[in-house]
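# Inside the fold
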Amino acid sequence: MILALRNLARPGAALLLLGALLAVLAWRAPPRADLAEFLPVGGTPASAFLLRELQSGAATTLLLAAIEGEVPREELARLSRETAAALRASGRFAFVGDGTLRPSEEELAFLFRHRYLLSPETQPEAFTAEALRPKLQALLDGLRSAASPLLARFGFADPTGSFLGLATSWLGESRVETFDGAWFAPPRPDAPPRVLLLARGQGAGLDAEAQGAAIEAFRAAFAAANPPAAARLLLSGPGVFAAEAAPRIRGDVELITTASGLLLAAFLTWRFRSATLLALVAVPLVAATLAGYAMTVAIFGAVHAIALGFGMTMLGVAVDYPILLLTLRREGETMVAAAARIWPSLRLAAAAAAVGLLAMAGSGLPGLVQLAVFAGTGLLTAAATTRWVLPHLAPPGPRIVARPLPAWLVAALTALQGRRALAGLAVLAAGVALLASGGPTWQRDLAALNPVPAERRALDGELRAQLGAPDVRAVFLLGPAASEAEVLALSESLAEAARPWIAAGRLAGIDLPSRYLPSPATQRARQALLPDQAALEDALRQASAGLPFRPAAFAPFLAGVEESRRLVPLDLPGFAAGAPTIAARLSPLLTRHGAAAWGIAPASGVADPAVLERVVAERGLPGVLFVDVKLEMERLLWAYLRATALWALAGGVAVLALLALGLRRPRRALLLAAPIGGAVLLDLAVLELAGQALNLFHLASLLLLAGLAIDYSLFLADPGADTGSRPILDAAGVGQGPRDEGLRNPRDDRLGAVLSCAISTLLTFGLLSFCETPVLRGIGLTVAAGVASAFLLACALVPQPDIAPER
Amino acid sequence: MRTRRRVLLLAASCLLPRATHAQEEEALRRTMAALAATPQRQASFTEQKAIPELDLPLPSEGTLRWQAPDRLEKVTIFPITERIAVAGGRLTYERPDRGIQRNFALQEEPEMQALVEAIRGTLAGDLAALRRHYDVAYATQRDGSWRMVLTPLSLRVRGAVQRIVLTGLGAEVRGVDTEGNGGVTRMRITSAP
C-alpha cells in the first residue's frame, strides 16, 4: 500500500502541476460555445455573404409558431392574441405577426398620401385623357359591383387605382383565415385546429444564447395566456434549430469525452491492474491537452468547445505512447534506456499521426482546422512527454506487466499470423464490393449533414407552407452599396433587367426591396412627371366625356396629385415610421454589414438555378449577383471536399515518406504500409455497406486512420532490433499468472501492447459512432472500422521476425 | 271636455312610448321567429345605387338565395355579371366576365362583413347575431309591414356604412337600403315562387 502510494507520488505531482496549469489556461481563455464561430467563412464575396446571412441574417431570426389543440376556435384566437401582445410588450422582437396585425387607419392614410411616389404606375402617359378614360370606365364598372364601398372610398381620389394596386401587390392574397384577430391554418383532416404566429428576433440567428432567450420569451408569453391543457405551442425556425442543436452537440461531446475516458480507464485498469500505470498514462494525456489548448488559443484566440471536447477525445489515442513504453520495457532495462530504444518507432508513430491530421488542417473548415491544430500539437507533445518526462516519473522496480490475453484471443490472433492469402482475399473482396457498387458514394446533399432531425424539418416545412413564408432557396444579392438608397436603386435596375427573364419563365418573380420603397431618385422622377393642375383637369374633362360623373367628383384626385408634387421623397426611416406594417416586410430585405449596405431579393419559381445564374452573369449588372443557396453550398462543400482530398493525398504520401525515411528501407516501408492501404479499402467498403455517403469528414478521418494505424505495423514489426528468436506466443506463457514473467516473451508483449493500443483507439472512436451529430458519427465510424481492419491486417501481413511459432 | 280629451291624449302619449317599446320588442321577436322558420329562400332583386359623385343612380338586378344557417348567394345578371357567395366565415367573389375570383375571410373586410351579417342575421332570424354588430331599431308600420334600422356598432364600419334599413312583411324581406359615404343603395326584393 505504502509502496503503491510512493509509486504514485511523482506522477501524481506531475498531474497536479499540469492540471493546475490547464485550469489557469481555461480560466484565462475559456472555451467558446457559439456555433457560428465554428462554421466556415466563404471564399468569394457571394459565399461569404451567403454564409453570413445563413448564420446571422434576418431569415435566421425568424420564429414560426403554431398553437393547436382540440379547444374552441375562440379560445385558440384568444391564446394567439394574448401571446402576440405579450411578445410585443417584451420588446425582444423586432416584429410580431398575427391576426391582429393590419395597417392602422393612419398607416393607410400615410401610404395613400404617398401613392404616386410609391406606385410603379406613375408613368408619364398615365395622366393623359387616353389613359384616364379606361380607368374611369373601370371605376364606373367597379361602382356597379359589390366592391363599390371600397371604390367609392378610394376611387374618386385615386381613379388610376395606384393605391389599390400597391395594396394588392404588398398584401397579396392571404392564405390564412383571420378570425377573431388570429391567423387560422387551413383545416386539415384528422388534425386539431391551429392558429399561426410569426416573430422576428433581434439577436443573430445562430447565436444560440439569444435564440434560446427568444424561445423562452415565446414560451413564457404562451404560458402567461393561461392555455388550457389541450392547447400546445409548436415552435420552429433556424433559431430554434440552432438553440436545439447546441445542447445536442454539447451533449454528444460531453458524453463521448466522459464515456471514452471512463471506458479507457476501466480497460487499462483491467488490463494492467495498476494505479501507477493509470497515473503514468494520464501524464502525457494531460500534457497533450495543455499544449493543444495553448497552441489553439495562440493561433485562433480561443478554443471552441466542440474542438476542445472532440480534440480531447482524439488525444485518447495518445495513451498508445505511454502504454508502449511501459509494457515494451524489457526485464532489467531502465525506463530511460527503454524510452531511448523505442524512441525511433515512437517518433515515427507520433509524426505519422500528426501528418494524419493534415487533411483536417487543410480542409479549411474553421472547426476542423482548430481540431487538427489541437490534436496535432497534443499528439507530438504526448510523444515528447513519453520520451523525456515519463521515464523520470516512473517508479523503479519490476516492470508493469499486462494481464495475459485470454487464450481464445491469442489463439485467434496466432491463427491470423502470416495469413497473407486471407488478408489479400479480404482486401480483394472489399475492392470487388466497392467496384460492384460503383465506387464509394459521395455526399452532395447538404441535408444529410444537417443535424436537425427529420420530423422537426417536416414541421418547419408545414408551418412555412401554411404561413406562406417559404424557405429562401434562391436570392439576388444587391450590394455592397454605400447607402440603403443605393441598394434600392440597384433593386430597381434588377427589376428592369429581370422582366425578360420572368417573361421567358426562368423564374416566377422576385421580392424586391424597391417593391416596397422606391429609391429617392425614382420618387423624384415620378414627382417630376406628375401633371400640373390645369393639365390634369383638362385630361379629366376629356376622359369623363359621356360618363355620368359629376364635375366635382374628382376634386380629391386633383388635390392629391398637386400635393404629391410637393412631398419630400420617403427615405427608409421615414417609411418605417409612417408605414410600420409594410416596413416590417421590407426590413428583412435590407441589411448592413460594417459600413456597407446590402439588399436581398428572394426569387421564387426558379426553373433552373444554373441556367439563371449564367443568364444573370451574362447580363452583367454591377452590384447584382444571383445566388442559389443549394447550388452555392454544394459548391462550397465541394471545394472543401477537394481541398481535403488533396491534403489527404499529400498526407498519405507524407506518411509513406516518413515511414521510408524512418526505416531507411523503402521496401520495408511499403510492406508496413500495406495493411494501412488495405484498411482504407476495407473501411471504404464498410462505409459503403453501412450506407454512409462519403463527405469531407470521412475523408479527413481516413487520413487520420492511416496516421494512427502506422503504430500497429511499426510496433508489431518491432524495428527496435529486438527479436530474440523465441516463440511469439509461447503456449506455455499464455494463461499463466502475471508472476511467471520469465516465461513470457517480447512477441507476446508486442502483440499485447499493440492490441491494447488498438482497443483504446476503438473505445475512443467507436463511441463517436453513437453520436447523434452526423459529423461526429461519420468520423467515429470511419476511424473505428478502419482501426479494426488495420489491426487485423497488420497481424496477418506484417513481416515478423519469426512467423512460424515453434511448437 | 275638450281640455279633458287633450289631457287624456297627453297622458296617453306619455305612456305610449313605454308601452310601444315593449310591444315593438315583442313584435321584433315575432318577426325574427317568423324569419327563422323559413330555412330556404329564393328571390329576385332590383337595385338602385346612388353615389353622390354620379349624376344618375346605377341600376342592377339579379337573384338572391338563402340556405339556413349561414349560406347566402347574390348573383347579379345585369348590367354586369357578378356572384357573391358567403358560407360560414368566408366569402367568394366572382366576376366571370373579368376572370376575377377571390376567396377571403369576411373578418378581413369589415365593411363587407357588416352588410353580410345584416342580411344573414335577418334571414336567419338571429337577433343576437344582429345585435353583436348593430344597434337594432324596429318599428311596425300602419299597414302591418315592419321596418328595421341597423346602425353599425363599429366606428370603422360606420365610416363606410352609416345605416342599413330593412323592410318587410311578416316573414318576407322586401327591401334593403344601405346608406354610406353620402350615397344610398336601394334593393327591392321579390320572392320567387
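Refer to the structure printed above.
What comes next is a walk through the structure. (Residues numbered from 1 in each chain as written. Chains lettered and ligands numbered in written order. Predicted model: local features only at pLDDT ≥ 70, side-chain atom pairs only at ≥ 80, totals over all residues. Heavy atoms only, no water.)

### Details of the overall build of chain B
On a plain count of helices and strands, chain B comes out with four helices and 11 strands. Looking at the 193 residues of chain B, the share that counts as buried comes to 41%. Considering only intrachain contacts with a sequence separation of at least 6, the fraction spanning at least 24 residues in chain B is 34%. For chain B, the exposed surface amounts to about 10800 Å²; the carbon and sulfur share of it is 56%. (Helix = DSSP H or I, 4+ residues; strand = E, 2+ residues; numbered from the N terminus. Buried < 20%, exposed > 50% of the residue type's maximum accessible area, 1.4 Å probe, protein only. Contact = heavy atoms within 4.5 Å. Areas by Shrake-Rupley, 256 points an atom, 1.4 Å probe, with all protein chains shown as cover.)

### Comments concerning the overall build of chain A
Per the secondary structure count, chain A includes 32 helices and 11 strands. Counting all 807 residues of chain A, 54% fall into the buried class. Sequence-distant contacts in chain A: of pairs separated by 6 or more residues, those separated by 24 or more amount to 82%. When the accessible surface of chain A is summed, it comes to about 33400 Å², and 64% of that surface belongs to carbon and sulfur atoms.

### Focus on the packing of aromatic side chains
Residues and elements named next belong to chain A. Under the definition given, this model contains 16 aromatic pairs over all chains. Between phenylalanine 127 and phenylalanine 557, the ring centres sit 6.4 Å apart and the planes meet at 15°, which makes this aromatic pair stacked. Residue phenylalanine 127 is found in the loop between α6 (115-118) and α7 (129-144), and its partner phenylalanine 557 is found in helix α24 (residues 555-566); the two are separated by 430 residues along the sequence. On the accessibility criterion, phenylalanine 127 (5% relative accessible area) is buried. Residue classification places phenylalanine 557 among the buried positions, given a relative accessible area of 0%. Ring geometry for phenylalanine 156 versus phenylalanine 549: centroids 6.1 Å apart, planes at 75°, classification edge-to-face. Linking phenylalanine 156 in the loop between α8 (148-154) and α9 (162-171) with phenylalanine 549 in the loop between α23 (533-543) and α24, this pair joins segments that are 393 residues apart in sequence. Residue classification places phenylalanine 156 among the buried residues on the basis of a relative accessible area of 2%. Judged by its relative accessible area of 7%, phenylalanine 549 falls in the buried class. Grouping aromatic residues by their ring pairs yields a cluster made of Phe112, Phe154 and Phe163. One residue, arginine 73, lies across the ring of phenylalanine 184, its end atom 4.3 Å from the ring centre. Sitting over the ring of phenylalanine 272, arginine 271 keeps its end group 5.7 Å from the ring centre. (Phe/Tyr/Trp six-rings, centres within 6.5 Å; stacked < 30°, edge-to-face > 60°. Lys NZ or Arg CZ within 6 Å of the ring centre and 35° of its normal.)

### Let's talk about the nonpolar core
Residue and element names in this part refer to chain A. Met314, Tyr321, Met360, Leu659, Tyr712, Leu714 and Phe765 are the most contacted members of the largest nonpolar core, which has 132 residues in total. Ranked by the residues each element gives to this core, the list is headed by helix α30 (residues 696-717), at 17 residues. Non-local contacts of leucine 659, meaning those with residues more than four positions away in its chain, are made with Leu348, Arg664, Ala669, Leu672, Ala673, Ile710 and Leu714. Counting 42 residues, the second-largest nonpolar core is a separate cluster that includes Ala498, Ile510, Leu517 and Ala583. (Core = buried A, V, L, I, M, F, W, Y, C linked by side-chain atoms within 4.5 Å.)

### A word on a nonpolar patch on the surface
Residue and element names in this part refer to chain A. Taken together, the side chains of Met295, Ile299 and Phe300 present a nonpolar region at the surface, about 260 Å² in accessible area. Structurally, the position occupied by methionine 295 is in helix α12 (residues 275-300). Overall, the relative accessible area of 36% leaves methionine 295 in the partly exposed class. (Patch = residues over 30% accessible without salt bridge, like charges linked within 9 Å, V, L, I, M, F, W, Y side chains within 5 Å. Salt bridge = Lys/Arg side-chain N within 4 Å of Asp/Glu carboxyl O.)

### As for the side chain of glutamate 73 of chain B
Residue and element names in this part refer to chain B. Topologically, glutamate 73 is positioned in strand β3 (residues 71-78). Among the polar contacts made by the side chain of glutamate 73, one reaches the side chain of arginine 83 at a distance of 2.7 Å. Excluding residues within four positions of it along the chain, glutamate 73 makes contact with Thr63, Leu64, Arg65, Arg83, Ile84 and Ala85. (Polar contact = N/O pair within 3.5 Å; in protein donor to acceptor, adjacent residues only side chain to side chain.)

### Describing the interface of chain A and chain B
Opposite the 25 residues of chain A that make contact, chain B presents 25 residues. Taking both partners together, chain A and chain B bury about 2400 Å²; carbon and sulfur atoms supply 48% of that area. Inspection of the region where chain A meets chain B yields three salt bridges. Note that arginine 98 of chain B and aspartate 141 of chain A form a salt bridge whose closest N and O atoms lie 3.2 Å from each other. At the boundary of chain A and chain B, one finds 10 residue pairs in polar contact (both at pLDDT 80 or more). (Buried area = accessible area lost by both parts, 1.4 Å probe.)

### Some points on the sheet that holds strand β7 (residues 134-140) of chain B
Residue and element names in this part refer to chain B. Here we have 11 strands laid out as an open sheet, ordered β6-β5-β4-β3-β2-β1-β11-β10-β9-β8-β7, and antiparallel in their pairing. Looking at the sheet topology across the chains shown, the edges are occupied by β6 (100-105) and β7. If you compare each strand with its neighbour and ignore which way they point, the axes differ by 15° on average. (Pairing = 2+ DSSP bridges. Axes fitted to C-alpha atoms, helices over the stretch in contact; angles between N-to-C directions.)

### Re the pairing of strand β9 (residues 163-169) of chain B
All names here are of chain B. Here strand β8 (residues 146-152) runs beside β9; their pairing, made up of five bridges, is antiparallel. Residue methionine 148 lies in a different strand from β9, and its bridge partner there is leucine 166. Here seven bridges tie β9 to strand β10 (residues 172-180), and the two strands are oriented antiparallel to one another. If you follow glycine 168 over to β10, its bridge partner there is valine 173.

### What to know about the pattern of salt bridges
Tallied over the entire structure, the rule returns 38 salt bridges over all chains. For the salt bridge of arginine 566 of chain A with glutamate 562 of chain A, the shortest nitrogen-to-oxygen distance reads 3.1 Å. A residue pair is termed a helical-turn pair when its members lie 3 or 4 positions apart in one helix, as arginine 566 of chain A and glutamate 562 of chain A do in helix α24 at four residues. For glutamate 25 of chain B, the salt bridge is made with arginine 131 of chain B, and the minimal N-O distance between the two is 3.3 Å. Of this pair, glutamate 25 of chain B sits in helix α1 (residues 2-36) while arginine 131 of chain B sits in helix α3 (residues 127-133); the two residues are 106 residues apart in sequence, bridging distant segments of the chain. Residue arginine 131 of chain B is classed as partly exposed on the basis of its relative accessible area of 35%. Salt bridges sharing common partners tie together Glu68, Arg188, Arg194, Arg232 and Glu462 of chain A.

### Examining helix α17 (residues 366-393) of chain A
The principal kink in α17 of chain A, of about 45°, is found at threonine 386 of chain A. Burial of α17 of chain A is extensive: 22 of the 28 residues sit out of reach of the surface. (Bend = angle between axes of the 7 residues up to and from the residue.)

### What to know about the pairing of strand β10 (residues 596-604) of chain A
All names here are of chain A. Among the nine residues that make up β10, seven are buried, leaving the element largely enclosed by the rest of the structure. With six bridges connecting them, strand β7 (residues 474-481) and β10 associate as antiparallel partners. Each bridged residue has a counterpart across the sheet, and for alanine 481 the counterpart in β10 is alanine 597. Here two bridges tie strand β8 (residues 509-510) to β10, and the two strands are oriented antiparallel to one another. Looking at β10, one finds that glycine 509 is bridged to serine 604.

### A short note on unusual backbone geometry
Residue proline 480 of chain A follows glycine 479 of chain A across a cis peptide bond; omega there is 0°. Secondary-structure assignment places proline 480 of chain A in strand β7. Cis geometry marks the peptide bond from phenylalanine 78 of chain B to proline 79 of chain B; its omega dihedral reads -5°. Among the structural elements, proline 79 of chain B can be located in the loop between β3 and β4 (82-87). Phi is positive for arginine 273 of chain A, close to 50°, though the residue is something other than glycine. Looking at the secondary structure, you find arginine 273 of chain A in the loop between α11 (238-272) and α12.

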